[in-house]
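# Fold and geometry: a report
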Amino acid sequence: MKIATWNVNSIRVRLDRALAFLKRHEPDVVCLQEIKVVDEGFPEEAFREAGYQSTIFGQKTYNGVAILTRNPVQSVQRGIPGFEDPQSRVLAVTVDGVRVVNVYVPNGSQVGSEKFDYKLRWLEQLTQWIDEDGLLETPFLICGDFNIAPDDRDVYAPDEWRGRVLFHPDEHAALAKLQGLGLVDAFRLHQEEGDHYTWWDFRGGMFWKNKGLRIDHFLINEPLIPRCKSAEIDTWERKGKQPSDHAPVLITLEGGDSA
DNA sequence: ATGGTAGAAACTCTA
């Protein structure tokens, strides 16, 4: 079973690339963030022709998440239960025996801003839900754009970034609390070196200088750890014509009851 | 401290 996460930064602009991505990797599940469109505008038909069904939680102009799957999904959840949030940032499904939570964590804008407070509150609500919902009893993963670089290896210039949004102690504490529920960073199971990034600012040709941050993640629970055979960042998707500012991340899970 | 780019939408906001 192959699962991908990708902040596409508008699914309408990225449709051709997304279809080519499906052909190239043949993933079973793809979690998309920042689709930037309402449900009705999502290119469901094009994905159906490619062999995928779409589960969508859209929003006009900003945010929006969706999950593409080869197989049918169960127990669809939109948003964090009990948390009033006008922004579409969370979509969970159960597919092939795995509970998959797709998140687009708030960016936070500037440390100390209202948006930064919202980011921290939002992460707290997310953690509380995962903790209380008994979701961790069975194979479980949460993936997406976390807008947090976990440690120094994940930032091209850690001393320059330390204390700024995406690399702030309060964000690290919030992420640690979530991981404290028993989740591990799947990428780090397979790669301990730094210099592997998933996002590069469009401005200043940061990709070509490899000045990026690793802010897109897969967090997996105990039952999935022995099944996780690989984790990779597809930097190819950051190259060429009209790339997103994020590269996709993919993991493979062996075994389980995937059809 | 500022501006650089991209996307959606509508001459600005978000990232």
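Preceding block: the structure.
Quick summary incoming for the structure in this document. Since the structure is predicted, the reported quantities are computational estimates derived from the model, not experimental observations.

## Comments concerning the overall build of chain A
Secondary structure summary: chain A contains six helices and 12 strands in total. For 259 residues, the compact-globule formula gives about 18 Å, and the C-alpha radius of gyration of chain A, at 17 Å, lands near that figure. For chain A, the C-alpha atoms occupy an extent of roughly 45 × 45 × 35 Å along the three principal directions. Across the 259 residues of chain A, 55% fall into the buried class. Per element, the accessible surface of chain A, about 11400 Å² overall, is 47% carbon and sulfur.

## Focus on the pattern of salt bridges
One pass over the full model with this rule turns up 15 salt bridges. The shortest N-O distance in the salt bridge between Arg48 and Glu45 comes to 2.4 Å. Highlighted residues: Arg48 and Glu45, both in helix α2 (residues 44-49), separated by three residues, approximately one helical turn. For the salt bridge of Asp154 with Arg214, the shortest nitrogen-to-oxygen distance reads 2.7 Å. One end of the pair, Asp154, is in the loop between β8 (140-145) and α4 (158-161); the other, Arg214, is in the loop between α6 (186-190) and β10 (216-221), with 60 residues separating them in the sequence. Of the residues examined, Asp154 reaches a relative accessible area of 0% and is grouped as buried. You can call Arg214 buried: its relative accessible area is 1%. By sharing partners, the salt bridges in this structure join Arg17, Arg24, Asp234 and Glu237 into a single network.

## Observations concerning the protein's contact with DNA strand B
Around DNA strand B, 14 residues are found, and the nearest of them are Ser10, Val13, Arg14, Thr61 and Arg203. A breakdown of the atoms of DNA strand B within 4 Å of the protein gives sugar and phosphate a share of 66%. For DNA strand B, a base oxygen lies 3.4 Å from a polar atom in the side chain of Tyr62. Between a base oxygen of DNA strand B and a side-chain N or O atom of Arg203, the distance comes to 3.2 Å. Residue contributions to the surface near DNA strand B peak at three residues, all from helix α1 (residues 11-25). Residues belonging to the surface near DNA strand B are distributed by class as follows: four nonpolar, four polar and six charged.

## A short note on the packing of aromatic side chains
Any aromatic ring pair is given by two values, namely how distant the centres are and how the planes are angled relative to each other. Inspection of every chain in the model, using the stated rule, returns five aromatic pairs. Ring plane angle 80 degrees and centroid distance 5.0 Å describe the contact between Phe207 and Trp208, whose orientation is recorded as edge-to-face. The structure contains a cluster of three or more aromatic residues connected by ring pairs, namely Trp200, Phe207 and Trp208. Cation over ring: Arg164 sits above Trp161, and NZ or CZ is 4.2 Å from the ring centre.

## Topic: helix α5 (residues 169-179)
Taken together, the buried positions of α5 are occupied by Glu171, Ala174, Leu175 and Leu178. Looking straight down α5, one finds that the buried residues subtend no more than 95 degrees of arc, so they occupy a single side. Those residues of α5 hidden inside the fold are in contact with α3 (114-132), β9 (183-185) and β10.

## Here's the deal with the sheet that holds strand β7 (residues 98-104)
The strand order across the open sheet formed by six strands is β5-β6-β7-β8-β10-β9, and the pairing between neighbours is mixed. The open sheet has two edge strands, β5 (74-78) and β9, and neither has a second partner. Averaged over all adjacent pairs, the angle separating strand axes in this sheet is 20 degrees, with direction ignored. Bridge count for strand β6 (residues 90-95) against β7 is six bridges, and the pairing is antiparallel. Looking at the pairing, Leu91 lines up with Asn102 of β7. Against the sheet, α3 touches β5, β6, β7 and β8, its axis set at about 170 degrees to β7. Sheet contacts for α5: β9 and β10; angle to β9, the most-contacted strand, approximately 125 degrees.

About the cut-offs
Residues numbered from 1 in each chain as written. Chains lettered and ligands numbered in written order. Predicted model: local features only at pLDDT ≥ 70, side-chain atom pairs only at ≥ 80, totals over all residues. Heavy atoms only, no water. Helix = DSSP H or I, 4+ residues; strand = E, 2+ residues; numbered from the N terminus. Rg over C-alpha atoms; globule rule 2.2 N^0.38 Å. Buried < 20%, exposed > 50% of the residue type's maximum accessible area, 1.4 Å probe, protein only. Areas by Shrake-Rupley, 256 points an atom, 1.4 Å probe, with all protein chains shown as cover. Salt bridge = Lys/Arg side-chain N within 4 Å of Asp/Glu carboxyl O. Near = heavy atom within 4 Å. Polar contact = N/O pair within 3.5 Å; in protein donor to acceptor, adjacent residues only side chain to side chain. Nonpolar A, V, L, I, M, F, W, Y, C, P; charged D, E, K, R; others polar. Phe/Tyr/Trp six-rings, centres within 6.5 Å; stacked < 30°, edge-to-face > 60°. Lys NZ or Arg CZ within 6 Å of the ring centre and 35° of its normal. Arc of directions from axis to C-beta. Contact = heavy atoms within 4.5 Å. Pairing = 2+ DSSP bridges. Axes fitted to C-alpha atoms, helices over the stretch in contact; angles between N-to-C directions.

Keep in mind these values describe shape, not function.
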